[in-house]
Amino acid sequence: QKSVMSRKNEEEKEVVETLYHTITIPRGGEYDLLLSDGSRLRMNSESEIRVPVTFEKGQREVFMKGEIYFDIVRDSLAPFVVHTHQGDIRVLGTSFNVSIYEDEGSCHATLVEGRVEVNDKVNGEKVVLTPGKQALLQGKEMTVREVNTKLYTLWRLDRFTFASEDMEGVIRKLSR
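A few points on the structure. Just so it is clear, the model here is predicted, and its values are computed rather than measured.

Secondary structure assignment for the chain yields two helices and 14 strands. Counting only residues that meet the buried cut, the chain has 43% of its 176 residues in that class. Within the chain, contacts between residues separated by at least 24 positions form 38% of all contacts whose residues are at least 6 apart in sequence. Working note: accessible area of the chain is about 9,900 Å², and carbon and sulfur atoms make up 48% of it.

If you want it as structure tokens, here you go:
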């Protein structure tokens, strides 16, 4: 699916249109995606991403829901930004997982390597994650905790691992 987004360039007083692709993964599916900058994404089932056909100079922004594992190519002149309805994740080059399913009621950003900044849209709070840390956005609260990153990233290797998860959460994941 293609969409067009317009924005005004203040310096030149002209409208710049960006062409987007929207990729939606059905229940039970997974998909590997290579972006125009060389970054690789592994999309889990019932996930969606809206990404520009090509990144404009100095900008690398995507919009997502569901669960996606990101392996981002470093570019200090163009930070990579992942937009979700709960918050944004800003990175220079790193590997991390984002899970924000509508039926979960929370957003998890789990850092495997590198550094990311998580911005909570609800209360404006920002945190910088280091490897092994996870930002949990739930309602009006953001918490940071240390986690075993394998629990949140093994899905991309077709493995499920559950630790201290209630049966309802396990069933939701298995049904996807």
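Along the chain, Asn97 falls in strand β9 (residues 95-100). A polar contact of 2.9 Å, which involves the side chain of Asn97, links it to the side chain of Glu67. When neighbours within four sequence positions are excluded, Asn97 is seen to be in contact with Glu67, Ile68, Tyr69, His108, Ala109, Thr110, Tyr152, Thr153 and Trp155.

This part is about the packing of aromatic side chains. Overall, the coordinates contain four aromatic pairs when judged by the stated rule. Arranged with centres 6.2 Å apart and planes meeting at 65°, the rings of Tyr20 and Phe63 form a pair that is edge-to-face. In this pair, Tyr20 is assigned in strand β2 (residues 14-24) and Phe63 in strand β6 (residues 60-71), connecting sequence segments 43 residues apart. Given a relative accessible area of 22%, Phe63 falls into the partly exposed group. Of the aromatic side chains, those joined through ring pairs into one cluster are Phe55, Phe70, Phe80 and Phe96. Above the ring of Tyr20, the side-chain terminus of Arg50 is found at 4.6 Å from the ring centroid.

A few words now on the environment of Val91. Secondary-structure assignment places Val91 in strand β8 (residues 87-91). Given the relative accessible area of 1%, Val91 is considered buried. Apart from the residues within four sequence positions on either side, Val91 is in contact with Ile72, Pro79, Phe80, Phe96, Arg115 and Val116.

For the rest of this paragraph, the subject is the pattern of salt bridges. Tallied over the full model, the rule gives seven salt bridges. Two residues, Arg42 and Asp32, come together in a salt bridge whose shortest N-O distance is 3.0 Å. Of this pair, Arg42 sits in strand β4 (residues 40-43) while Asp32 is found in strand β3 (residues 31-34), placing the two residues 10 residues apart along the sequence. Given a relative accessible area of 17%, Arg42 falls into the buried group. Across the salt bridge formed by Lys65 and Glu102, the nearest N and O atoms sit 3.8 Å from each other. A residue pair is termed long-range when its members are at least 10 positions apart, and Lys65 in strand β6 and Glu102 in the loop between β9 and β10 (106-113) qualify at 37 residues. Linked through salt bridges whose partners overlap, the residues forming this network are Glu30, Asp32 and Arg42.

With respect to the secondary-structure elements, Gly58 resides in the loop between β5 (48-52) and β6. For Gly58, a relative accessible area of 40% translates into the label partly exposed. The spatial distance from the C-alpha of Gly58 to the C-alpha of Leu77 is 5.9 Å, given a sequence separation of 19 residues.

Attention shifts here to the nonpolar core. Phe70, Phe80, Ile89, Phe96 and Val118 are the most contacted members of the largest nonpolar core, which has 30 residues in total. Counting residues per element, this core draws most heavily on β6, at four residues. With residues up to four places along the chain from it excluded, the contact list for Ile89 reads Phe80, Val81, Val82, Phe96, Val98, Ala109, Val116, Glu117 and Val118.

For the rest of this paragraph, the subject is the side chain of Gln134. One can find Gln134 in strand β13 (residues 133-138). The class of Gln134 is buried, set by a relative accessible area of 0%. A polar contact is formed between the side chain of Gln134 and the side chain of Thr110, at a distance of 2.8 Å. A distance of 2.7 Å separates a polar atom in the side chain of Gln134 from a polar atom in the side chain of Arg145. When neighbours within four sequence positions are excluded, Gln134 is seen to be in contact with His108, Ala109, Thr110, Leu129, Thr143, Val144, Arg145, Val147 and Tyr152.

The rules we used
- Residues numbered from 1 in each chain as written.
- Predicted model: local features only at pLDDT ≥ 70, side-chain atom pairs only at ≥ 80, totals over all residues.
- Heavy atoms only, no water.
- Helix = DSSP H or I, 4+ residues; strand = E, 2+ residues; numbered from the N terminus.
- Buried < 20%, exposed > 50% of the residue type's maximum accessible area, 1.4 Å probe, protein only.
- Contact = heavy atoms within 4.5 Å.
- Areas by Shrake-Rupley, 256 points an atom, 1.4 Å probe, with all protein chains shown as cover.
- Polar contact = N/O pair within 3.5 Å; in protein donor to acceptor, adjacent residues only side chain to side chain.
- Phe/Tyr/Trp six-rings, centres within 6.5 Å; stacked < 30°, edge-to-face > 60°.
- Lys NZ or Arg CZ within 6 Å of the ring centre and 35° of its normal.
- Salt bridge = Lys/Arg side-chain N within 4 Å of Asp/Glu carboxyl O.
- Core = buried A, V, L, I, M, F, W, Y, C linked by side-chain atoms within 4.5 Å.

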